[in-house]
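Here is what each chain is made of, one letter per residue.
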Amino acid sequence: MKQILILGGGMGGLVVANELKKKLGKEHKIILIDKNSKHIFYPSFPWLMLGLRKPEKIQKPLELLRRKGIIFVNDKITKIEPEKKMVKTTRDEFSYDYLVISLGAELASEKIKSLSNSEYNLYQFEDVERLRDALRNFNGRKVAIVISSLPFKCPAAPYEAAFLLDYYFEKKGIRKEINLQIFTPETLPMPVAGQKIGEAIKQMLEERGIIFNPEKKINSIDGKNKIIMFENNQKVQYDMLIYVPHHKAPDVVKNSKLTGETGWIPVNAETLETNQKNIYAIGDINSIKLPDGKMLPKAGVFAHYQAEVVANNIASEIMGKNSLKEFKGDGLCFLEIGFGKAGFARGNFYAEKREINMKKPSRVWHLSKILFEKYWFWRYF
Ligand SMILES: Cc1cc2nc3c(=O)[nH]c(=O)nc-3n(C[C@H](O)[C@H](O)[C@H](O)COP(=O)(O)OP(=O)(O)OC[C@H]3O[C@@H](n4cnc5c(N)ncnc54)[C@H](O)[C@@H]3O)c2cc1C
């Protein structure tokens, strides 16, 4: 019997656990460890922000995986020891034959100096709920969305938030009074998707009266006077500040010596193997360099597809089959824009000449994202 440890029950960990169980049946042991007791479906956050989703509808207890025969351990991982083939948690330790690390990116809000409790982290559950409540009573004028640093997961998410806020204020009949701005260190929205898509989204922002401020790096916040300080000494006043925090690898990964110079885990781009035998790293925690030198973005779609490849290859090796698969770099992304519409981009990120195409925003893509949310919980729980 082989023991496979999966670290993290987010998008990558959930898929790899399910796929492995399906392929390996009862004969092998699959253990998934997460410090959170629930799996959260982050793509629904923009809807949570507008009150279009109840919090309980976009998360599920990982304990439910036991029904499928997957062992769930709700504990914090404190040490990964490849040389001993051992993982420690606060209460226990686990040996493994195969290890899949899907610990994601940790949010480091503390890197913005002087943040207080009156700003909103767009990537954190409780803050998005607070933001939803604050929006209901909002009577200010200046709304700023700030992207703190690169890389950040889901390059589309802050732009979705901007479009949906525009839609929300419009519906409330107060849009004309609101100054809605987005500040980012990027040169264009979603630059890894290419110039054409970046320009198209920039134009859509302009048409909706959302002011796009590229190449802006935040330095600190003066919460008392509600001022954002940028690195070039530019100061911007706000009434509501929504931010995407800095991202970093969790300490347990940094201390494992698996990370490379980027601070993330370098992997084989096709097989997701790390430089340690039988250890794989998938999703936001890994770093993959693309042919043009840019990095593969951190997004659930990649965690998902990489998980399928890794599960297939581990199962195939255990069962002595010769049916290995490769992650080919395909990705897709919905872009909610409000008014019941979404755009849809898809393409291959490993291509020498990357070409990502975006379909015109329509109701079809909005409904597709709703269906995908339903499918996710049905398929993996
Ligand atoms: C607002 C928002 C919207 C998004 N929308 C989209 C979208 O539309 N499409 C898309 O493709 N992507 C989207 N994403 C990105 C997507 O959610 C992530 O890329 C994806 O979740 C990455 O999966 P992962 O398994 O690598 O990490 P995660 O899903 O982050 O999972 C990591 C898990 O590891 C656990 N963990 C971390 N450290 C420890 C520890 N020491 N001990 C125990 N457990 C630990 C965490 O609790 C977590 O459950 C969005 C993200 C956000 C924030």
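Rules used throughout
Residues numbered from 1 in each chain as written. Predicted model: local features only at pLDDT ≥ 70, side-chain atom pairs only at ≥ 80, totals over all residues. Heavy atoms only, no water. Near = heavy atom within 4 Å. Polar contact = N/O pair within 3.5 Å; in protein donor to acceptor, adjacent residues only side chain to side chain. Areas by Shrake-Rupley, 256 points an atom, 1.4 Å probe, with all protein chains shown as cover. Helix = DSSP H or I, 4+ residues; strand = E, 2+ residues; numbered from the N terminus. Nonpolar A, V, L, I, M, F, W, Y, C, P; charged D, E, K, R; others polar. Axes fitted to C-alpha atoms, helices over the stretch in contact; angles between N-to-C directions. Parallel < 35°, antiparallel > 145°, perpendicular 65-115°, else oblique. Contact = heavy atoms within 4.5 Å. 1 Å grid on protein atoms, 1.4 Å probe; cavity = no way out; pocket = protein on both sides within 12 Å on 5 of 7 lines; lining within 4 Å. Points joined across faces, edges and corners; volume = space filled by probe spheres on them. Domains from an automatic or database assignment. Buried area = accessible area lost by both parts, 1.4 Å probe. Phe/Tyr/Trp six-rings, centres within 6.5 Å; stacked < 30°, edge-to-face > 60°. Buried < 20%, exposed > 50% of the residue type's maximum accessible area, 1.4 Å probe, protein only. Lys NZ or Arg CZ within 6 Å of the ring centre and 35° of its normal. Pairing = 2+ DSSP bridges.

S.K.: Please provide a residue-by-residue account of the site of the ligand, values included.
M.R.: What surrounds the ligand is a group of 28 residues, the closest being Gly12, Asp34, Ile77, Ser102 and Val301. Taking Gly12, its main chain carries an N or O atom lying 2.8 Å from an oxygen atom of the ligand. In the complex, the protein chains occlude 93% of the 1,000 Å² of accessible area that the ligand would expose alone. When contributions to the shell around the ligand are tallied by element, the ones reaching two or more residues are helix H1 (11-24) and helix H7 (300-318). Broken down by element, the shell around the ligand gets its largest block of residues, 3 residues, from H7. Classifying every residue of the shell around the ligand gives 14 nonpolar, 8 polar and 6 charged.

S.K.: Tell me what's going on with the packing of H1 against helix H8 (residues 363-380), and back it up with residues and numbers.
M.R.: Where H1 meets H8, the closest approach of the two axes is 10 Å, and the angle between their N-to-C directions is 45 degrees. Classified by the interaxial angle, the pair formed by H1 and H8 is oblique. Two secondary-structure elements touch here, H1 through Met11, Leu14, Val15, Asn18, Glu19 and Lys22 and H8 through Trp376, Arg379 and Tyr380. Counted by class, the contact of H1 with H8 contains 5 nonpolar, 1 polar and 3 charged residues.

S.K.: How would you sum up the layout of surface pockets? Please name residues and give values.
M.R.: Estimated volume of the second largest pocket: approximately 410 Å³. Considering the residues around the second largest pocket, the lining is formed by 17 residues, among which Leu150, Pro151, Phe152, Met295 and Pro297 are closest to the centre. Class assignment of the residues belonging to the lining of the second largest pocket gives a composition of 11 nonpolar, 3 polar and 3 charged. When residues of the lining of the second largest pocket are assigned to domains, at least three fall in each of domain 1 (3-105 + 249-318) and domain 2 (108-247).

S.K.: How would you sum up the domain arrangement of the chain? Please name residues and give values.
M.R.: With domains assigned, the chain is organised as domain 1 (3-105 + 249-318) and domain 2 (108-247). Here domain 1 and domain 2 have C-alpha centroids that lie 29 Å from each other. The interface is formed by 20 residues belonging to domain 1 together with 24 residues belonging to domain 2. Across the interface of domain 1 and domain 2, roughly 1,800 Å² is buried in total on both sides, 79% from carbon and sulfur atoms. When residues of domain 1 are sorted by the area they lose upon contact with domain 2, Phe45, Met49 and Leu50 head the list and together hold 35% of the total.

S.K.: Mind laying out the packing of aromatic side chains, listing which residues take part and the relevant values?
M.R.: Pairs of aromatic rings are described using the distance from one ring centre to the other and the angle between the two planes. In this structure the tally under the stated criterion is 20 aromatic pairs. Aromatic side chains Phe372 and Trp376 sit 5.9 Å apart centroid to centroid with 50 degrees between the ring planes, which places their arrangement in the tilted category. Placement of both Phe372 and Trp376 in helix H8 is noted, with a separation of 4 residues, approximately one turn of the helix. We classify Phe372 as partly exposed; its relative accessible area is 28%. Given a relative accessible area of 0%, Trp376 falls into the buried group. One aromatic cluster in this structure is built from Phe41, Phe372, Tyr375, Trp376, Phe377, Trp378, Tyr380 and Phe381. Taking the ring centre of Trp47 as reference, the NZ or CZ of Lys369 above it sits at 5.1 Å.

S.K.: Now, about the sheet that holds strand S15 (residues 218-222): what can you tell me, with residues and values included?
M.R.: With antiparallel pairing, 3 strands are arranged side by side in an open sheet as S15-S16-S17. Pairing within the sheet leaves two strands with one partner each, and these edge strands are S15 and strand S17 (235-237). In this sheet, adjacent strand axes meet at a mean angle of 20 degrees when their direction is disregarded. Bridge analysis of S15 against strand S16 (residues 227-230) gives 4 bridges, and the strand direction is antiparallel. From the neighbouring strand, Asp222 faces S16, where its bridge partner is Ile227.

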